[in-house]
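Geometric and topological summary
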Amino acid sequence: MSEPRSDAFVSVVVPIRDRMDYAAGFVREVHAILERTYANFEVILVDDGSTDGTGESLRQLLKELDGLRLLRLSRPFGREATILAGLDSSIGDYIVVILPESDPVELIPPMVERCRLGSGVVVGVEENPARQRGLAGLASKCFHWYCRKQLHLNLHPGSRFFRVFSRSALNAVLQIQDRVRNLRYLSGVVGFDADPFPYRPHWRVDRPPRRRFTRALSEGIGIILANTRHPLRFVTDLGLVASAINLGYALYSVIATGPGSVGDRGWSVVALQLGIMFFVLFVVLAVLAEYVGLVLWETRSRPAYFVAREEQSNLVKGLVQRRNVVNESR
Amino acid sequence: MLIRAHYDHLVVGGGFYGAVLASELAARGRRVVLCERAGDLLQRASLNNQARVHNGYHYPRSLLTALRSRVNFQRFSDEYSPAIVSNFRKLYAVPRRFSKVSARQFLRFVEQIGAPIQPASRPDAALFDRDLIEAVFSVVEHAFDAVILKRLVRERLEREGVEVALRTEVLRLRRHADGLEVHYRDSSGEAVVTATEVLNCTYSGINDLLKESGLPILRIKHELTEMALIEPPEELQGLGVTVMCGPFFSCMPYPARQQHSLSHVRYTPHAAWEDSDDVESHVGERVMAEPKVSKYPHMVRASALYLPCLSQAKYQSSLWEVKSVLPQSEGDDSRPILFRRDHGLPGLVCVMGGKLDNIYDALMEYHPGAAVP
């Protein structure tokens with residue numbers, strides 16, 4: 001070892017689901033760089049219910065590399081819950097979340113170093129992310145503007161899961177018991193400085209997956225609902241204003257035309273008025289329904305994931321020598 | 001050299017089990033010799049363990065073990081009272097996540113086995129992380145001082161007239177007209193003696209003797225284990241803590257050194273192997289002789305998540321030991337003793353205990369129906 005290894009204890013959380021072709025190679029890379037850099041580390045592999053044999057190839061690694069732990073979830077719970085399971089079980093002073101399909105392992109030491117120097121969270125942000133066009137791009141801009149101005153959340157467009165937490169920042173994140181979790185947003189909400197770390201993803205798949213607009217939209221709505229009551233207040237105001245206007249209009253029509261004299265012209269006006277009223281009503285209902293749904297979800301205190309099995313590295317480095325191996329080498 | 005040419009019983013291994021069995025046999029008027037490889041008794045697993053006198057709490061997944069443990073607790077505490085240390089408060093805590101039992105299940109289980117339990121006092125409970133720990137209970141459990149225990153065991157051996165041969169290694173056994181022929185080595189070289197019965201009480205070395213004697217081996221799983229000795233932070237003085245049941249830890253007084261021990265389910269075992277016919281013998285000894293890297297940094301961090309004051313503990317040293325279990329008991333944490341008569345040879349008894357306080361089960365197995373003192 002040319003340089004003395006750092007005494008920081010680093011945990012690396014790797015969420016994996018059906019990555020048979022490169023999972024094992026990726027873990028080897030991570031392990032090699034950690035072993036070179038840190039005296040104490042752990043790699044927590046969280047298998048999100050893989051069905052393609054990834055789990056078995058990871059189990060093989062436990063017999064080969066030291067400092068690995070493998071958590072297998074009982075079924076697929078999704079990426080957020082998978083990462084959460086790894087974070088819950090991590091013990092390090094600095095905790096890295098890294099995705100096997102896209103993140104360069106050689107950035108782990110510089111990101112941990114940045115975290116050590118002060119910021120609670122270092123967030124990997126994609127350099128020159130593919131620009132979203134049209135409606136999606138506009139929606140994205142509006143969303144980030146809203147988060148920044150109204151919610152005081154700096155979400156860094158292009159921010160990815162690749163990040164490093166200090167122990168105190170992670171403990172704060174883990175204390176937020178929300179069921180609707182979004183790691184990229186939670187890292188910001190705990191109030192620790194989120195330090196952007198620009199990097200270029202290293203894709204290990206042929207075609208980088210694109211985030212679908214509907215998915216992004218639903219995540220955005222989730223973040224807003226979990227964080228603020230602005231929409232609720234907005235529809236309350238909207239409902240009040242709309243009903244006041246409606247009442248005014250009704251009074252006007254009674255006074256101006258008198259009872260029993262609704263002419264042909266009135267039908268279209270009545271239809272317009274009803275249409276607007278129903279639109280407003282349904283907007284109010286939609287927002288209420290979202291909040292009711294959220295409340296329902298949160299009150300069912302169901303764990304975000306279940307761990308089916310936990311295993312760890314088990315090496316007897318060359319201590320148990322099998323006789324038959326000796327025989328074969330002759 | 002051993003004094004006689006023939007013994008009624010030759011006990012191999014001067015750990016707690018070997019020594020107590022030798023005393024029991026001598027008390028029945030037999031001629032007994034106890035052979036120990038090291039220069040003193042109770043030097044290995046009988047010394048290098050948590051020093052916990054179990055009172056059942058530890059086995060929520062094996063009711064039988066828990067109940068036996070309750071019975072043995074009283075007996076062990078009475079018989080070896082000078083070695084028993086009970087001047088500390090003992091807490092059991094149940095985490096919210098990753099635990100195989102919930103607080104309610106644990107409480108119900110303890111009530112079922114009739115062991116004392118109550119909610120921990122407010123200051124004691126406040127030592128734990130509220131988000132991670134569901135409940136903390138105050139229970140009754142003791143520790144023993146292995147050094148005093150050794151003295152008691154030695155005094156009894158003397159009293160019963162057992163011949164104790166230190167620095168005497170039993171190499172192998174052979175069939176003989178008078179029972180068994182025992183080949184051994186001591187400072188004056190190799191020699192042979194005969195015995196009507198040989199008791200193999202060598203714990204993790206049990207298969208080594210069998211293998212050297214050309215006998216079938218037993219299915220046993222071994223683990224190299226590390227227990228850290230620490231100087232506890234002030235809050236933990238006079239306090240023993242166990243967090244269970246799952247990948248958690250115990251931190252409790254270790255009276256033989258006036259320190260606390262810290263062991264973690266995940267980090268205490270370093271390597272595991274199973275004896276088999278094509279693996280050479282004496283693996284345990286070689287593993288023990290290897291240079292070892294402590295996992296204390298892992299243990300203390302993993303434990304301090306639940307018990308934050310532990311991060312102030314001062315590391316002193318580590319106790320390393322080969323721990324052996326029967327593969328069948330791995331799943332439920334029960335630690336049944338292994339007791340086999342006439343294993344491979346008539347007159348060869350193999351005994352392997354999991355916990356010191358289970359000695360009474362071994363004695364009962366040896367003399368069925370006999371009232372053991």
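Residues numbered from 1 in each chain as written. Chains lettered and ligands numbered in written order. Predicted model: local features only at pLDDT ≥ 70, side-chain atom pairs only at ≥ 80, totals over all residues.

A tally of regular secondary structure across chain B gives nine helices and 20 strands. Against the 2.2 N^0.38 benchmark of 21 Å for 373 residues, chain B shows a C-alpha radius of gyration of 21 Å, consistent with a compact globule. With the principal axes as the frame, chain B shows a C-alpha extent of 65 × 45 × 35 Å. Put simply, chain B has 373 residues, and 47% of those count as buried. At a minimum sequence separation of 6, the contacts of chain B that also span at least 24 residues come to 71%. (Helix = DSSP H or I, 4+ residues; strand = E, 2+ residues; numbered from the N terminus. Rg over C-alpha atoms; globule rule 2.2 N^0.38 Å. Buried ≥ 20, exposed ≤ 12 C-beta atoms within 10 Å, placed from the backbone. Contact = placed C-beta atoms within 7 Å.)

With that settled, the discussion passes to the interface of chain B and chain A. Residue-level contacts link 20 residues of chain B with 19 residues of chain A. For the side of chain B that touches chain A, the elements supplying multiple residues, two or more each, are β17 (269-274), α7 (283-289) and α8 (296-304) of chain B. Broken down by element, the side of chain B that touches chain A gets its largest block of residues, four residues, from α8(B). Among the residues making up the side of chain B that touches chain A, the classes are represented as eleven nonpolar, one polar and eight charged. (Nonpolar A, V, L, I, M, F, W, Y, C, P; charged D, E, K, R; others polar.)

Here we come to the packing of helix α1 (residues 23-37) of chain A against helix α2 (residues 54-62) of chain A. The description of two helices packed together rests on the angle between their axes and the distance between the axes. All names here are of chain A. Here α1 crosses α2 at 30 degrees, and the two axes come no closer than 9 Å. Crossing geometry of α1 relative to α2 is assigned as right-handed. Here A23, A24 and V27 of α1 come into contact with α2, specifically with T54, S57, L58 and L61. Taken together, the residues that form the contact of α1 with α2 break down as five nonpolar, two polar and no charged. (Axes fitted to C-alpha atoms, helices over the stretch in contact; angles between N-to-C directions. Left-handed = near helix turned anticlockwise from the far one by under 90°.)

Turning next to the domain arrangement of chain A. The assigned domain composition of chain A is domain 1 (6-212 + 306-312) and domain 2 (230-299). Between the C-alpha centres of domain 1 of chain A and domain 2 of chain A there is a distance of 46 Å. (Domains from an automatic or database assignment.)

Structurally, Y305(A) can be placed in the loop between α10 (266-299) and β8 (307-312). Among all residues touching Y305(A), those that are not within four sequence positions of it are L73(A), F77(A), A81(A), L84(A) and A85(A).

Bringing the nonpolar core into the picture now. Counting 93 residues, the largest nonpolar core has V11(B), L21(B), A22(B) and L34(B) as the members making the most contacts within it. With eight residues, the single largest contributor to this core is helix α1 (residues 16-27) of chain B. Both domains that furnish three or more residues to this core are identified here as domain 1 (1-51 + 145-219 + 331-373) and domain 2 (86-141 + 221-325) of chain B. Setting aside chain neighbours within four positions, we find L34(B) in contact with V11(B), G14(B), G18(B), A19(B), A22(B), L157(B), V162(B), V164(B) and A165(B). Counting residues in hydrophobic clusters, the runner-up holds 50 residues, among them L58(A), V105(A), V122(A) and Y305(A). (Core = buried A, V, L, I, M, F, W, Y, C linked by C-beta atoms within 7 Å.)

Before going further, it helps to examine the sheet that holds strand β4 (residues 94-97) of chain A. Pairing between the strands of a sheet is mediated by backbone hydrogen bonds and can be parallel or antiparallel. Residues and elements named next belong to chain A. A sheet is described by the order of its strands in space; here eight strands give the open sequence β7-β5-β6-β4-β1-β2-β3-β8, paired in mixed fashion. Unpaired on one side and paired on the other, β7 (194-199) and β8 mark the two borders of the sheet. Each adjacent strand pair in this sheet contributes to an overall mean axis angle of 20 degrees, direction not counted. Bridge analysis of strand β5 (residues 121-126) against strand β6 (residues 159-166) gives four bridges, and the strand direction is antiparallel. Residue pairing for β6: V123 is matched across the bridge by R163. Its contacts with the sheet put α1 on β1 (6-16) and β2 (38-47), and the angle it makes with β2 is roughly 160 degrees. Packed on one face of the sheet, helix α3 (residues 79-89) meets β1, β2, β3 (68-73), β4, β6 and β8 and runs near 150 degrees to β1. (Pairing = 2+ DSSP bridges.)

Residues and elements named next belong to chain B. One can read the domain layout of chain B as domain 1 (1-51 + 145-219 + 331-373) and domain 2 (86-141 + 221-325). Measuring from the centre of the C-alpha atoms in domain 1 to the corresponding centre in domain 2 gives 29 Å. With 19 residues of domain 1 in contact, the opposing surface of domain 2 contributes 20 residues. Of all elements in the fold, only α5 (146-160) and α6 (206-212) reach the threshold of two or more residues within the side of domain 1 that touches domain 2. In terms of residue count, α6 provides more of the side of domain 1 that touches domain 2 than any other element does, four residues in total. In terms of residue class, the side of domain 1 that touches domain 2 is made up of seven nonpolar, six polar and six charged.

Moving on to the confidence of the model for chain B. Looking at chain B as a whole, its pLDDT mean stands at 92, while 97% of the residues score no less than 70. The ipTM assigned to the predicted complex is 0.82, against a pTM of 0.84. (pLDDT = per-residue confidence, 0-100.)

Residue and element names in this part refer to chain A. Buried residues of helix α6 (residues 167-175): A169, L170 and V173, and no others. Down the axis of α6, the buried set is contained in an arc of 100 degrees. They therefore lie on one face. Among the exposed residues of α6, those oriented more than 90 degrees off its buried face are S168 and Q175. (Arc of directions from axis to C-beta.)

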